[in-house]
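Residue strings, one per chain:
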Amino acid sequence: KTELLKLASVKNVSVSDYLPVNGTKRNGNTFYKEGRTKSDAGIFGQFWQVDDTYLKTLDIKLSSGRNFSYQMASDSNAVIINQAMASRLNLKDPVGKRITNGYGIYPVIGVVQDFNFESMRGNIDPLVLHFGLSPSIVSIKVAGTNMNATVASVSALWKKYSPDQPIRYT
């Protein structure tokens, strides 16, 4: 990530396990307000592990609260939810509230504006972003000029650090 950011054509880099692109990897969990697992119906939503630059790299807008930070040790257990999750959980002013999926209790530190992460024709489903480094997907935001040179530079760095793993990109 550090080396990619040194390339002039690279604006930002994120490491995650999930992309807001229809047909890519998904996982689902059922979420509840803390203390309401026995009394409320659970809300099914995606539970994606992302890093501190995911929102900026993918241009996802915070509507309230803040982004993840490596300087905040408590963020290792924190989550950012989308507006759809806040609405379905009936969370008014969700920042500071806690939600659970039955495996952990997560403080909500931020809410992102809803965005389509599946088909543009469908409804926007609930989403929970969890802080962590999952190195399966590297997302790179680049300047739109000279893409051939950018792809060549990124590919060269990939080969340097992962010589036995072919680069795959779209």
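Each value, and the rule that gives it
- Residues numbered from 1 in each chain as written.
- Predicted model: local features only at pLDDT ≥ 70, side-chain atom pairs only at ≥ 80, totals over all residues.
- Heavy atoms only, no water.
- Helix = DSSP H or I, 4+ residues; strand = E, 2+ residues; numbered from the N terminus.
- Buried < 20%, exposed > 50% of the residue type's maximum accessible area, 1.4 Å probe, protein only.
- Areas by Shrake-Rupley, 256 points an atom, 1.4 Å probe, with all protein chains shown as cover.
- Lys, Arg positive; Asp, Glu negative; His and termini not counted.
- Charge placed at Lys NZ, Arg CZ, Asp CG, Glu CD.
- 1 Å grid on protein atoms, 1.4 Å probe; cavity = no way out; pocket = protein on both sides within 12 Å on 5 of 7 lines; lining within 4 Å.
- Points joined across faces, edges and corners; volume = space filled by probe spheres on them.
- Nonpolar A, V, L, I, M, F, W, Y, C, P; charged D, E, K, R; others polar.
- Core = buried A, V, L, I, M, F, W, Y, C linked by side-chain atoms within 4.5 Å.
- Contact = heavy atoms within 4.5 Å.
- Salt bridge = Lys/Arg side-chain N within 4 Å of Asp/Glu carboxyl O.

### Points about the overall build of the protein chain
Here is step 1 of the chain: Secondary structure assignment for the protein chain yields four helices and nine strands.
Here is step 2 of the chain: Secondary structure elements of the protein chain, listed N to C terminal, follow the sequence α-β-β-β-α-β-β-α-β-β-β-β-α.
Here is step 3 of the chain: Each of the three principal axes of the protein chain carries a C-alpha extent, and together these read 55 × 40 × 30 Å.
Here is step 4 of the chain: Looking at the protein chain as a whole, 37% of its 170 residues are labelled buried.
Here is step 5 of the chain: Roughly 9800 Å² of accessible area belongs to the protein chain as shown, and the carbon and sulfur atoms make up 52% of that amount.
Here is step 6 of the chain: Averaging the positions of the 20 positive and the 13 negative side-chain charges in the protein chain gives two centres separated by 2 Å.

### Overview of empty space enclosed by the protein
Here is step 1 of the chain: Inspection of the entire model under this criterion finds one cavity of 30 Å³ or more.
Here is step 2 of the chain: Here the largest cavity is characterised by a volume of approximately 40 Å³.
Here is step 3 of the chain: Across the lining of the largest cavity, the residue classes tally to three nonpolar, three polar and two charged.

### Observations regarding the nonpolar core
Here is step 1 of the chain: One finds Trp48, Phe68, Ile80 and Leu129 to be the most contacted residues of the largest nonpolar core, which totals 16 residues.
Here is step 2 of the chain: Those elements that provide at least two residues to this core are strand E3 (43-50), helix H2 (54-57), strand E7 (105-112) and strand E8 (127-131).
Here is step 3 of the chain: Among the elements that line this core, the one with the most residues is E8, at three residues.
Here is step 4 of the chain: Excluding anything up to four places from it in sequence, Phe68 contacts Val50, Asp51, Asp52, Asp75, Ala78, Val79, Ile80, Ile109, Leu129, His130 and Phe131.
Here is step 5 of the chain: Membership of the second largest hydrophobic core comes to 14 residues, among which are Phe31, Val79, Met85 and Tyr106.

### Looking at the pattern of salt bridges
Here is step 1 of the chain: Applying the stated criterion across every chain, the model contains seven salt bridges.
Here is step 2 of the chain: A salt bridge links Asp59 to Lys61, with the shortest nitrogen-to-oxygen separation between them at 2.5 Å.
Here is step 3 of the chain: Classification of Asp59 as partly exposed rests on a relative accessible area of 47%.
Here is step 4 of the chain: By relative accessible area, which is 42% here, Lys61 ends up partly exposed.
Here is step 5 of the chain: A single network of salt bridges, built from pairs that share partners, joins Lys1, Asp51 and Asp52.

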